[in-house]
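# What the coordinates show
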Amino acid sequence: MADSNQLNLKQLVEDTYAEGFRSIYGEVLITARDDRWLRHCVAAVTGHASSTILCDCEAGVSRWVSADETPDGRIGAVVQFHVPRFVKNREKHLEKVMLARLSQNVLTCPTTALFNQLDTENYFKLGRKIALFGDRHQFRDTRFGHPGWVIPTLGGEFFLSRRFGFRDGVMGGNLWFFGPDEATALDAAEAASIAAESTPDVITTFPGGVAASGSKAGSSYDFLIAATYAEFCPTLKDKLGEKSKVPDGVNSIMEIIVNGRDLEALQSATRNAIHAAAKTPGLVRISAGNYGGRLGKTFVHLHELIG
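Computed from a prediction, not measured in an experiment: that's the story for all the values here.

## Describing the state of the cysteines
As enumerated under the stated definition, the model contains zero disulfides in all. The structure places no disulfide on Cys 57, whose sulfur is separated from the nearest cysteine sulfur, that of Cys 55, by 7.6 Å. For the unlinked cysteine Cys 109, the closest cysteine sulfur is that of Cys 41, found at 4.4 Å. Take Cys 109: its relative accessible area is 10%, and that puts it in the buried class.

## Observations concerning the domain arrangement of the chain
For the chain, the assigned domains are domain 1 (1-19 + 169-305) and domain 2 (24-167). Placing a centre on the C-alpha atoms of domain 1 and another on those of domain 2 gives a separation of 30 Å. Contacts between the two partners involve 18 residues from domain 1, matched on the other side by 17 residues from domain 2. Between domain 1 and domain 2 the total buried area reaches about 1,300 Å² when both faces are included, carbon and sulfur atoms providing 55% of it. Together, Met 171, Ile 203 and Arg 261 form the three largest contributors to the area buried by domain 1 at its contact with domain 2, with a combined 39%. For the pair domain 1 and domain 2, the number of links is zero salt bridges. Between domain 1 and domain 2 we count four residue pairs in polar contact (both at pLDDT 80 or more) in total. Secondary-structure elements contributing two or more residues to the side of domain 1 that touches domain 2 are strand 9 (164-179), strand 10 (202-204) and strand 13 (252-260). Partitioned by chemical class, the residues of the side of domain 1 that touches domain 2 number eight nonpolar, seven polar and three charged.

## Quick notes on the nonpolar core
Counting 34 residues, the largest nonpolar core has Val 28, Ile 30, Phe 81, Met 98, Leu 102 and Leu 114 as its most contacted members. Each residue touching Val 28, except ones within four places of it in the same chain, is listed here: Ala 77, Val 78, Val 79, Phe 81, Met 98, Leu 102, Leu 114, Phe 115, Gln 117 and Phe 164.

## Some details on helix 2 (residues 35-45)
Within helix 2 the residues assigned to the buried category are Leu 38, Cys 41, Val 42 and Val 45. Mapping the buried residues of helix 2 onto a view down its axis gives an arc of 100 degrees, with all of them on the same face. Turned more than 90 degrees from where helix 2 packs its buried face, Arg 36 and Ala 43 sit exposed. Packed against the buried residues of helix 2 are strand 1 (17-31), strand 2 (58-65), strand 3 (76-84) and helix 3 (90-105).

## Focus on the packing of aromatic side chains
In the structure shown here, the tally under the stated rule is 12 aromatic pairs. Pairing Phe 21 with Phe 86 gives two aromatic rings, centres 5.7 Å apart and planes at 40 degrees, and the pair type is tilted. In this pair, Phe 21 is assigned in strand 1 and Phe 86 in the loop between strand 3 and helix 3, connecting sequence segments 65 residues apart. A relative accessible area of 11% means that Phe 21 is categorised as buried. Judged by its relative accessible area of 58%, Phe 86 falls in the exposed class. Ring geometry for Phe 115 versus Phe 144: centroids 6.1 Å apart, planes at 70 degrees, classification edge-to-face. Linking Phe 115 in strand 4 (residues 113-116) with Phe 144 in the loop between strand 6 (139-143) and strand 7 (146-153), this pair joins segments that are 29 residues apart in sequence. Phe 115 sits in the buried class, given a relative accessible area of 1%. One Lys or Arg, Arg 36, reaches over the ring of Trp 37 and ends 5.3 Å from the middle of that ring. Directly above the aromatic system of Phe 178 lies the positively charged group of Arg 285, at a separation of 5.6 Å from the ring centroid.

## Considerations on the pattern of salt bridges
Side chains that differ in charge, positive against negative, can pair when their charged atoms come close. Within the structure shown, the criterion is met by 13 salt bridges. Among the ionic pairs, Asp 34 bridges to Arg 33, the shortest N-O distance being 3.1 Å. Residue class for Arg 33 comes out exposed when judged on its relative accessible area of 56%. Taking the shortest distance from any N to any O, the salt bridge between Asp 168 and Arg 85 comes out at 2.7 Å. Taken together, the residues Asp 168 in strand 9 and Arg 85 in the loop between strand 3 and helix 3 connect sequence positions 83 residues apart. Overall, Arg 85 belongs to the partly exposed group, its relative accessible area being 21%.

## Examining the side chain of Ser 62
Its location among the elements puts Ser 62 in strand 2. Here Ser 62 falls in the buried class, since its relative accessible area comes to 2%. What Ser 62 contacts, discounting residues up to four positions off in sequence, is Glu 27, Val 78, Val 79, Gln 80, Glu 197, Thr 199, Asp 201, Val 202 and Ile 203.

## Topic: the packing of helix 2 against helix 3
As a packed pair, helix 2 and helix 3 sit with axes 9 Å apart at the nearest point and diverge in direction by 150 degrees. Read as a crossing pair, helix 2 and helix 3 show a hand that is right-handed. Residues Cys 41, Ala 44 and Val 45 of helix 2 touch helix 3, and the partners they reach there are Arg 101, Leu 102 and Asn 105. For the contact of helix 2 with helix 3, a count of residues per class yields four nonpolar, one polar and one charged.

What counts as what
Residues numbered from 1 in each chain as written. Predicted model: local features only at pLDDT ≥ 70, side-chain atom pairs only at ≥ 80, totals over all residues. Heavy atoms only, no water. Disulfide = S-S within 2.5 Å. Buried < 20%, exposed > 50% of the residue type's maximum accessible area, 1.4 Å probe, protein only. Domains from an automatic or database assignment. Contact = heavy atoms within 4.5 Å. Buried area = accessible area lost by both parts, 1.4 Å probe. Salt bridge = Lys/Arg side-chain N within 4 Å of Asp/Glu carboxyl O. Polar contact = N/O pair within 3.5 Å; in protein donor to acceptor, adjacent residues only side chain to side chain. Helix = DSSP H or I, 4+ residues; strand = E, 2+ residues; numbered from the N terminus. Nonpolar A, V, L, I, M, F, W, Y, C, P; charged D, E, K, R; others polar. Core = buried A, V, L, I, M, F, W, Y, C linked by side-chain atoms within 4.5 Å. Arc of directions from axis to C-beta. Phe/Tyr/Trp six-rings, centres within 6.5 Å; stacked < 30°, edge-to-face > 60°. Lys NZ or Arg CZ within 6 Å of the ring centre and 35° of its normal. Axes fitted to C-alpha atoms, helices over the stretch in contact; angles between N-to-C directions. Left-handed = near helix turned anticlockwise from the far one by under 90°.

This is the structure in structure tokens:
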């Protein structure tokens, strides 16, 4: 027999699913001298990468790495870059994204080094391309047990791997948090985001891991691919009348979005996020966004995760 906590959780969590979709992604390890410069680099390389609606990719930190886990014995961060599989020329697009972001935001950041994290059959020769910055003074070398390129810079030398792998991934896992006010909804979303970010092999891409402007596929404007999900906007409840899907007593809805290695990683992150957010006092409901399978075929069923 289910205990009272499990029953309460099933009452709080709507029996629905989050609708994800397939991606291809690259994953790199960035190391630096100290936390200050590592975080500067991560902020730059993942900048303007919240949503593929108008960003070139979705990027974020999969995990922070201690010095005893990295090839060069310095602290690091594992970063993922996701591109939807439905993007035209998706492999060329991902290569262009990674080339631009790694060269302009990692190479330029003081004290950093760059290592491939995916040992896959498919890969981009980004090391050779980025090394052209060395203006014929670049050279190949094996350092820290990794074959790579060394680029002389004003700061000293920059080392990066020769090849960077990519593989299939998943985007669009999500959870919605319904609160009686903004503070409650945001508290739940923050707790969920922290729990998701602590799960291996996934990233959250929005500011602080939370999206206040959850969207729907399509728009009343034919030149937009997405728009505000009006039926779930609390301030439109009176205007929309019966078309509104906002429950009574709900005045704010916050969302988290999760990308990752595979469906299992999204399921683990979603489960952890639900349990963390459920502790928020006053939270009305936990749900998820889906579009009846029109966006993707990767479904994360919420009640299956909580037993």
